[in-house]
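# Summary of the model geometry
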Amino acid sequence: MARRRQLYEGKAKILFEGPEPGTLVQYFKDDATAFNAKKKGTITGKGVLNNRISEYLMTRLTEIGVPTHFIRRLNMREQLIREVEIIPLEVVVRNVAAGSLATRLGIPEGQRLPRSIIEYYYKNDQLGDPMVAEEHITCFGWAATQDLDDIVALTLRVNDFLTGLFLGVGITLVDFKLEFGRLWENEEMRIVLADEISPDNCRLWDAKTGEKMDKDRFRRDLGKVEEGYQEVARRLGILPEAGPRDMSGPESMQ
Ligand code: TMP
Ligand code: ASP
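Because the structure is predicted, anything quoted here is derived from the model rather than measured.

## Quick look at the overall build of the protein chain
- Broken down by element type, the protein chain carries 6 helices and 14 strands.
- Whereas a compact globule of 254 residues would reach a radius of gyration of roughly 18 Å, the protein chain reaches 18 Å, a difference of no more than 12%.
- Principal-axis analysis of the C-alpha atoms places the extent of the protein chain at approximately 55 × 45 × 35 Å.
- Per-residue burial for the protein chain yields a buried fraction of 52% across its 254 residues.
- Total accessible area on the protein chain stands at roughly 12,500 Å², and carbon and sulfur atoms take up 51% of it.

## So, the nonpolar core
- Leu-89, Phe-166, Phe-180, Leu-193 and Ile-197 are the most contacted members of the largest nonpolar core, which totals 46 residues.
- At 7 residues, helix H4 (residues 145–167) tops the list of elements feeding residues into this core.
- In this structure, Leu-89 is in contact with Tyr-120, Tyr-121, Lys-123, Val-132, Ile-137, Trp-142, Leu-148, Leu-178 and Glu-179, ignoring residues within four places of it in sequence.
- Membership of the second largest hydrophobic core comes to 5 residues, among which are Ile-14, Phe-16, Val-25 and Leu-80.

## What to know about the UniProt feature "domain: SAICAR synthetase/ADE2 N-terminal" (unreviewed entry) in the protein chain
- UniProt's feature table lists "domain: SAICAR synthetase/ADE2 N-terminal" (unreviewed entry) at residues 6–235, given in the numbering used throughout.
- Note that residues 6–235 is 30% helix and 36% strand, and that its end C-alpha atoms are spaced 34 Å apart.

## Some points on the site of ligand 2
- Around ligand 2 sit Lys-11, Thr-33, Ala-34, Phe-35, Asn-36, Ala-37, Lys-215 and Arg-219, and those are all the residues in its vicinity.
- Take Thr-33: an N or O atom from its side chain is 2.4 Å from an oxygen atom of ligand 2.
- In the model, an oxygen atom of ligand 2 is placed 2.6 Å from a nitrogen or oxygen of the Arg-219 side chain.
- Coverage of ligand 2 by the protein amounts to 73% of the 270 Å² it exposes when considered alone.
- Looking at the shell around ligand 2 residue by residue, the classes come out as 3 nonpolar, 2 polar and 3 charged.

## Here we look at the site of ligand 1
- Contacts to ligand 1 come from 14 residues, most closely from Arg-94, Ser-100, Asp-175, Asn-201 and Arg-203.
- Take Ser-100: an N or O atom from its side chain is 2.6 Å from an oxygen atom of ligand 1.
- At a separation of 2.9 Å, an oxygen atom of ligand 1 approaches a polar side-chain atom of Arg-203.
- Across the complex, the protein chains shield 76% of the 450 Å² of accessible surface that ligand 1 would expose by itself.
- Taken together, the elements giving at least two residues each to the shell around ligand 1 come down to strand E9 (89–96), helix H2 (99–105), strand E12 (171–185) and strand E14 (202–206).
- For the shell around ligand 1, a count of residues per class yields 5 nonpolar, 3 polar and 6 charged.

## Side note on the pattern of salt bridges
- What the rule picks out here adds up to 33 salt bridges.
- Measuring nitrogen to oxygen at the nearest pair gives 3.1 Å for the salt bridge that ties Asp-147 to Arg-182. With a gap of 35 residues between them, Asp-147 in helix H4 and Arg-182 in strand E12 connect regions that are remote in the sequence. Here the two residues Asp-147 and Arg-182 agree in accessibility, since each one is buried.

## Brief notes about the packing of helix H1 (residues 46–63) against helix H6 (residues 225–236)
- Where H1 meets H6, the closest approach of the two axes is 10 Å, and the angle between their N-to-C directions is 35 degrees. Handedness of the crossing formed by H1 with H6: left-handed. Residues Lys-46, Leu-49, Asn-50, Ile-53 and Tyr-56 of H1 lie in contact with H6, whose contacting residues are Tyr-229, Gln-230, Val-232, Ala-233 and Leu-236.
- The class makeup of the residues in the contact of H1 with H6 is 7 nonpolar, 2 polar and 1 charged.

## Considering the packing of aromatic side chains
- For the coordinates displayed, the defined rule picks out 3 aromatic pairs.
- Their ring planes at 90 degrees and their centres at 6.5 Å tell us that Phe-16 and Tyr-27 sit as a pair that is edge-to-face. Pair noted here: Phe-16 is in strand E2 (residues 13–17) and Tyr-27 is in strand E3 (residues 23–28), with a separation of 11 residues, a long-range link. By the burial criterion, Phe-16 is buried, and Tyr-27 matches it.
- For the ring pair Phe-140 and Trp-142, a centre distance of 5.4 Å and an interplane angle of 35 degrees mean the geometry is tilted.
- Looking at Trp-142, the relative accessible area reads 16%, which means it is buried.
- Taken together, the ring pairs connect Tyr-122, Phe-140 and Trp-142 into an aromatic cluster.
- The cationic tip of Lys-39 hangs over the ring face of Phe-218; the distance from NZ or CZ to the ring centre is 5.2 Å.

The rules we used
- Residues numbered from 1 in each chain as written.
- Chains lettered and ligands numbered in written order.
- Predicted model: local features only at pLDDT ≥ 70, side-chain atom pairs only at ≥ 80, totals over all residues.
- Heavy atoms only, no water.
- Helix = DSSP H or I, 4+ residues; strand = E, 2+ residues; numbered from the N terminus.
- Rg over C-alpha atoms; globule rule 2.2 N^0.38 Å.
- Buried < 20%, exposed > 50% of the residue type's maximum accessible area, 1.4 Å probe, protein only.
- Areas by Shrake-Rupley, 256 points an atom, 1.4 Å probe, with all protein chains shown as cover.
- Core = buried A, V, L, I, M, F, W, Y, C linked by side-chain atoms within 4.5 Å.
- Contact = heavy atoms within 4.5 Å.
- UniProt positions renumbered as here; feature names shortened; annotations may be inferred.
- Near = heavy atom within 4 Å.
- Polar contact = N/O pair within 3.5 Å; in protein donor to acceptor, adjacent residues only side chain to side chain.
- Nonpolar A, V, L, I, M, F, W, Y, C, P; charged D, E, K, R; others polar.
- Salt bridge = Lys/Arg side-chain N within 4 Å of Asp/Glu carboxyl O.
- Axes fitted to C-alpha atoms, helices over the stretch in contact; angles between N-to-C directions.
- Left-handed = near helix turned anticlockwise from the far one by under 90°.
- Phe/Tyr/Trp six-rings, centres within 6.5 Å; stacked < 30°, edge-to-face > 60°.
- Lys NZ or Arg CZ within 6 Å of the ring centre and 35° of its normal.

Shown next, in the form of structure tokens:
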């Protein structure tokens, strides 16, 4: 099969031209970065697991009517997605204080928030993804007020649904990051969920013990990083058929 044209390489994924106009192939790497790529490493099998976990979560979300860019998984490391115009925002939802919120405001990590908080960060690596307010977003035209209304409504539905889904498998959804894109269909524009949902961009804690099962194990050098990602997949019932040993295998299989 002819190698597809590469359009973009990010820190954890590569985008290739898709088989049909308006589609892309999203390839999941094992590369891991933290602190705006100041820390770099590899998490063996992460790409395979994130591809599978994101497929699973996006599919469940589609079933409840949340529009996403996801079409279908192609193989161990690749999925077919709709090409969207990415809105340059990282939309973070927090249910429990952790990470930068805990640090910035001096709130103990693990304290449940009285209500969920949505924060926006401007997606710009050179600036280190600074936190922004709705005022900045509309002032600089990154998204219109109507777009933000749609984004907030979708984000709250995703949070409600995923909180319940993870709780069902003994995991607390502490916080997570979403990205959205504009999808154009016959002159009509819709905002859809894009990027990925995986332990790379969620904080997932064991509901009983509080043990971390996400990228914080890499960010904070907690060890057993691969095991954390595998445990999330295992609880969701979606470990690749051949089990963890299958994960460092061929990079791309049809
Ligand atoms: P934070 O506490 O570091 O601000 O992170 C909040 C959530 O967003 C957490 O689940 C991890 C995720 N996240 C990303 O997906 N990408 C990023 O670049 C950062 C900083 C956080
Ligand atoms: N993905 C981000 C980076 O390397 C940070 C993170 O997830 O913590 O820059």
